[in-house]
Structure formats: C-alpha cells, structure tokens
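# A look at the structure
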Amino acid sequence: SAVSGGAGVTRIAWASVGLLLTVSALLGQATETPLARLRIEPKKVGWDSVELGMSLVQTERRVGLTLALRPGVAGRCGAYGVDIDRGTLRLSLGFPSPKPGAKLESLYVNFEGYQVLAKRVDLVAELKRVAPQASYFPDPRFPDLREEEAADPTYELPGEGGWAVRIEPGRGLLLTMRSCIG
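Quick caveat, the model's predicted, so the values are computed rather than measured.

## Some points on the layout of surface pockets
- Size it by volume and the second largest pocket reaches roughly 170 Å³.
- The wall of the second largest pocket is formed by 13 residues, among which Asp-139, Arg-141, Leu-145, Asp-152 and Arg-166 lie closest to the centre.
- A class-by-class count of the residues in the lining of the second largest pocket yields eight nonpolar, one polar and four charged.

## Describing the sheet that holds strand β2 (residues 45-47)
- Ordered by their spatial adjacency, three strands build an open sheet running β1-β2-β3, and the pairing between neighbours is antiparallel. Of all the strands in the sheet, the pair left with one neighbour each is β1 (38-40) and β3 (50-51).
- One ladder, built from two bridges, connects β2 with β3; its direction is antiparallel. Each bridged residue has a counterpart across the sheet, and for Gly-46 the counterpart in β3 is Glu-51.

## A look at helix α4 (residues 120-130)
- Those residues of α4 that fall on the buried side of the exposure criterion are Leu-123, Val-124, Glu-126 and Leu-127. The arc that holds every buried residue of α4, seen down its axis, measures 160°, which confines them to one face. For α4, the exposed residues set more than 90 degrees away from the buried face come down to Val-121 and Arg-129.
- Where α4 is buried, its residues touch β1, β9 (154-156) and β10 (163-168).

## Quick word on the pairing of strand β6 (residues 89-95)
- Where burial is concerned, most of β6 is hidden: five out of the seven residues are buried.
- Joining the antiparallel neighbours strand β5 (residues 80-86) and β6 is a turn of two residues, in which Gly-87 adopts a positive phi near 65°.
- When β6 meets strand β7 (residues 106-110), the two strands line up antiparallel, connected through five bridges. Looking at β7, one finds that Ser-92 is bridged to Tyr-108.

## Regarding the environment of Tyr-80
- Among the structural elements, Tyr-80 can be located in strand β5.
- Since its relative accessible area comes to 25%, Tyr-80 is described here as partly exposed.
- A C-alpha to C-alpha distance of 5.6 Å links Tyr-80 and Leu-69, two positions eleven residues apart in sequence.

## Side note on the environment of Leu-35
- Residue position: Leu-35 is located in the loop between α1 (2-29) and β1.
- Considered as a pair, Leu-35 and Glu-126 are 91 residues apart in the sequence and their alpha carbons are 6.9 Å apart.
- Other than its neighbours up to four places away in sequence, Leu-35 contacts Trp-47, Phe-111, Leu-123, Glu-126, Leu-127 and Leu-173.

## Some details on the packing of aromatic side chains
- Inspection of the entire model under this criterion finds one aromatic pair.
- A ring pair is formed by Tyr-136 and Tyr-155, whose centres lie 5.9 Å apart and whose planes are at 65°; its orientation type is edge-to-face. Pair noted here: Tyr-136 is in strand β8 (residues 135-136) and Tyr-155 is in strand β9, with a separation of 19 residues, a long-range link.

## A word on the pattern of salt bridges
- Scanning the entire structure with this criterion turns up twelve salt bridges.
- The partner of Glu-147 in a salt bridge is Lys-128, with the nearest N and O atoms 2.6 Å apart. Of this pair, Glu-147 sits in the loop between β8 and β9 while Lys-128 is found in helix α4, placing the two residues 19 residues apart along the sequence.
- Asp-139 is the salt-bridge partner of Arg-141, the closest N and O atoms lying 2.5 Å from each other.
- Judged by relative accessible area, which is 19%, Asp-139 ranks as buried.

Thresholds applied
- Residues numbered from 1 in each chain as written.
- Predicted model: local features only at pLDDT ≥ 70, side-chain atom pairs only at ≥ 80, totals over all residues.
- Heavy atoms only, no water.
- 1 Å grid on protein atoms, 1.4 Å probe; cavity = no way out; pocket = protein on both sides within 12 Å on 5 of 7 lines; lining within 4 Å.
- Points joined across faces, edges and corners; volume = space filled by probe spheres on them.
- Nonpolar A, V, L, I, M, F, W, Y, C, P; charged D, E, K, R; others polar.
- Pairing = 2+ DSSP bridges.
- Helix = DSSP H or I, 4+ residues; strand = E, 2+ residues; numbered from the N terminus.
- Buried < 20%, exposed > 50% of the residue type's maximum accessible area, 1.4 Å probe, protein only.
- Arc of directions from axis to C-beta.
- Contact = heavy atoms within 4.5 Å.
- Phe/Tyr/Trp six-rings, centres within 6.5 Å; stacked < 30°, edge-to-face > 60°.
- Salt bridge = Lys/Arg side-chain N within 4 Å of Asp/Glu carboxyl O.

So, in structure tokens, the structure goes:
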C-alpha cells in the first residue's frame with residue numbers, strides 16, 4: 001500500500017511537470033507576434049527569409065531542400081507549387097513553371113497555434129505597423145466593400161515589386177504579386 005501511494009505521488013508529480021512544460025511552451029510561443037516573421041522592405045517581401053521573386057534554385061538553397069514542384073496549384077499565379085515546413089509553420093510556395101530560373105510568385109503561410117487565434121483587427125494593425133504605407137484594395141468581385149467589412153482584407157504593399165498581402169484570419173497569410181489577386 002505504501003508503494004502504490006508513492007507511485008501515485010510520482011504520477012502526480014510527473015503530470016504536474018508535463019503541465020508546466022506545456023504551459024511554458026504555449027507562453028513561449030506567444031511571445032512572438034503573429035506576423036513577426038513577415039518581411040516587407042522596398043525591394044523584398046517574404047516570410048522567414050523566403051522572399052517573393054527568388055528563383056527556384058535560390059529558394060531551394062534558402063530552405064535547404066530540393067523542391068519537387070507539382071502542377072495544378074489553384075489560383076492565377078503559382079501554377080506549380082510545393083508545401084514545405086519552415087520552423088513550426090507550413091508554407092505553400094507557388095512558381096510559374098518548374099524551371100530552375102522560375103521566380104517565386106506566391107507564398108502562403110498556414111497559421112498554427114496562437115496565430116490561428118489572432119483577431120482580424122490585430123493582424124491588420126500589425127501589418128500596418130510593419131508596412132504603414134500598405135493600402136487596402138477591395139476584392140474585384142465586391143468593389144464597394146470597405147476595409148473594415150472585408151473578412152479577408154487585401155493590401156497593396158509599398159515598394160517596387162508590385163506585391164500584395166491578403167490576411168485570412170484563422171487560416172493564414174498570402175503574399176503574392178498584386179496582379180495575381182483579382
């Protein structure tokens with residue numbers, strides 16, 4: 001009986017340690033803002049060092065993988081695509097062709113964990129902190145839709161690349177060429 005009581009205490013102690021580690025991991029994860037890895041500069045737009053406009057070969061070198069592109073990715077741009085894991089996130093990369101010189105023209109960040117819980121208003125505010133000159137444009141199917149009414153708002157980004165970003169709260173973030181949206 002003394003042994004089983006000791007084993008019960010040990011199980012409780014280990015369960016407590018496990019709970020403490022889980023809470024610590026969640027708190028540690030939340031110290032980074034949802035869009036912390038988003039990079040918007042005058043000539044560069046990307047996520048976690050993967051940048052739009054990079055060639056297929058440059059992208060492979062950056063991510064440390066050979067990318068096996070598959071045809072048939074949905075959307076106007078990125079006819080060939082591949083999903084990769086980058087840190088704790090899945091990125092969907094889109095290229096116009098499978099040729100080595102093809103340029104990355106779309107990048108979709110699939111949100112995970114605390115990013116999924118981020119509210120639309122907070123994601124938009126963070127985007128505007130990173131890129132104050134980002135300008136909202138409505139979905140061409142709904143030209144009168146105001147920014148505050150858009151469930152998945154889209155913004156043209158400042159700079160020379162003609163890039164855009166669509167925020168999809170609860171799901172992810174699309175970075176692509178402005179001409180690819182709408």
